[in-house]
Amino acid sequence: MIKILIVEDEKPISNLIYINLRDEGYECSQAYDGREAADLIEKHKYDLILLDIMLPIIDGYELLEYIRPTNTPVIFITARSGVSDRIKGLRLGADDYIVKPFQVGELIARVEALLRRMGKSTTEYSILGVEINTESRTVKKDGKEIELTLKEFDLLVELVRNKNVAMYRERLYERVWNEPFMGETRTLDSHIGRLRKKLDWEDHIKTVFRVGYRLEV
Ligand code: CA
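Residues numbered from 1 in each chain as written. Predicted model: local features only at pLDDT ≥ 70, side-chain atom pairs only at ≥ 80, totals over all residues. Heavy atoms only, no water.

As enumerated under the stated definition, the model contains 15 salt bridges in all. Residue Glu8 pairs with Lys100 through a salt bridge whose shortest N-O separation is 3.1 Å. Taken as a pair, Glu8 in the loop between strand E1 (3-7) and helix H1 (11-23) and Lys100 in the loop between strand E5 (96-99) and helix H5 (104-117) lie far apart in primary sequence, 92 residues in all. In this structure, the salt-bridge partner of Asp189 is Arg169, at a minimum N-O distance of 3.2 Å. On the criterion of sequence distance, the pair formed by Asp189 in helix H8 (residues 186-199) and Arg169 in helix H7 (residues 169-177) is long-range, its members being 20 residues apart. Using a relative accessible area of 25% as the deciding quantity, one classes Asp189 as partly exposed. Taking the relative accessible area as the measure of exposure, Arg169 reaches 17% and is therefore buried. (Salt bridge = Lys/Arg side-chain N within 4 Å of Asp/Glu carboxyl O. Helix = DSSP H or I, 4+ residues; strand = E, 2+ residues; numbered from the N terminus. Buried < 20%, exposed > 50% of the residue type's maximum accessible area, 1.4 Å probe, protein only.)

Turning our attention to the coordination of the calcium ion. For the calcium ion, every protein donor is listed as Asp9 (OD), Asp52 (OD) and Met54 (O), and the spread of their distances is 2.1 to 2.3 Å. Motif for the calcium ion, donor spacing along one chain: D-x42-D-x1-M. (Donors = N, O, S within 2.8 Å, 3.2 Å for Na, K, Ca; no water.)

Moving on, we come to the packing of aromatic side chains. With the rule as written, the count across this model stands at three aromatic pairs. Judged by centre distance (5.7 Å) and plane angle (75°), the rings of Tyr61 and Phe76 are edge-to-face. Residue Tyr61 is found in helix H3 (residues 60-67), and its partner Phe76 is found in strand E4 (residues 74-78); the two are separated by 15 residues along the sequence. Tyr61 gets classed as buried once you look at its relative accessible area, which sits at 8%. Pairing Tyr173 with Trp177 gives two aromatic rings, centres 4.9 Å apart and planes at 10°, and the pair type is stacked. Residue Tyr173 and its partner Trp177 are both found in helix H7; the two are separated by four residues, about one turn of the helix. You can call Tyr173 buried: its relative accessible area is 8%. Here the aromatic residues Tyr173, Trp177 and Phe181 are joined through ring pairs into a cluster of three or more. In this structure, Lys11 is placed above the aromatic ring of Tyr32, and the distance from its NZ or CZ to the ring centre is 4.7 Å. (Phe/Tyr/Trp six-rings, centres within 6.5 Å; stacked < 30°, edge-to-face > 60°. Lys NZ or Arg CZ within 6 Å of the ring centre and 35° of its normal.)

We now examine the confidence of the model for the protein chain. Within the protein chain, residue pLDDT values average 89, and 97% of them lie at 70 or more. Within the protein chain, the lowest mean pLDDT, 74, falls on helix H4 (residues 83-92), and the highest, 97, falls on strand E11 (residues 205-208). (pLDDT = per-residue confidence, 0-100.)

Before going further, it helps to examine the pairing of E4. Burial analysis of E4 places five of its five residues in the buried class, the great majority of the element. Between strand E3 (residues 48-52) and its parallel partner E4, the chain crosses via H3, and the hand of that crossover is right-handed. In terms of strand pairing, E4 meets E5 through four bridges, oriented parallel. Across the sheet, Ile77 pairs through a bridge with Ile98, a residue of E5. (Right-handed = clockwise from strand over helix to strand, strands pointing away. Pairing = 2+ DSSP bridges.)

Take the nonpolar core next. By size, the foremost hydrophobic cluster in this structure holds 27 residues, and its most contacted members are Ile132, Val139, Leu156 and Leu159. Sorting the residues of this core by element identifies strand E6 (124-127), strand E7 (130-133), helix H6 (150-161), H7, H8 and strand E12 (212-215) as the ones contributing at least two each. Counting residues per element, this core draws most heavily on H6, at six residues. For Ile132, the residues in contact, after removing those within four places along its chain, are Thr123, Glu124, Tyr125, Ile127, Thr138, Val139, Phe153, Leu156, Val157 and Val160. If you look at the next biggest cluster of nonpolar residues, it comprises 20 residues, including Leu5, Leu51, Leu63 and Val74. (Core = buried A, V, L, I, M, F, W, Y, C linked by side-chain atoms within 4.5 Å. Contact = heavy atoms within 4.5 Å.)

So, on to the sheet that holds E5. Read from one edge of the open sheet, five strands run E2-E1-E3-E4-E5, paired in parallel fashion. Two strands close off the open sheet at either side, each with one partner strand: strand E2 (27-31) and E5. Averaged over all adjacent pairs, the angle separating strand axes in this sheet is 20°, with direction ignored. Sheet topology note: the E3/E4 ladder contains four bridges and is parallel. Within E4, the position partnered with Ile49 by the bridge is Val74. (Axes fitted to C-alpha atoms, helices over the stretch in contact; angles between N-to-C directions.)

Written out as structure tokens, the structure reads:
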């Protein structure tokens, strides 16, 4: 599992990031000041650190010097929109930055892009006896390969990343098909039906009345 440290002293922002990244399947920790972050970085290995600049005790710039030797990729979260701050951050070794206020979707996209660039997005999932490898795009159940179509595979990964969460049809459709959901549910429903059959997950992919689907684990 990919581990992300969120260093942000504004709790509502930190929690918003935490919830959204967790829903994407990342394991997240939170630090609310520079010292707490430094302690965590010393004790644990993270795959990525989201780093606010203005922090109590030790600020983000200083913390970055601490992080650099660990070779952990860093995305700066900055309230400042000044060009010089971004340049300073990037020069100090941040891999990317995002300016507050930001859309959560944008943050997630940047996290994913950076992890891909670092070759860390090789995500393997093991769930209910099913092994999923998103790089080789293979699915095995009890050691036997299961043939899925492109969209069935993407749909499966989406459900797995959001396990135990009721997923709206709209969201599922738009994530997997990359086009706006126009209310036509047959495509999604038939893919769900085939996934249930192929994986023998009739009991696990639940239909949530008026919402959509939930993978129950
Ligand atoms: Ca701050």
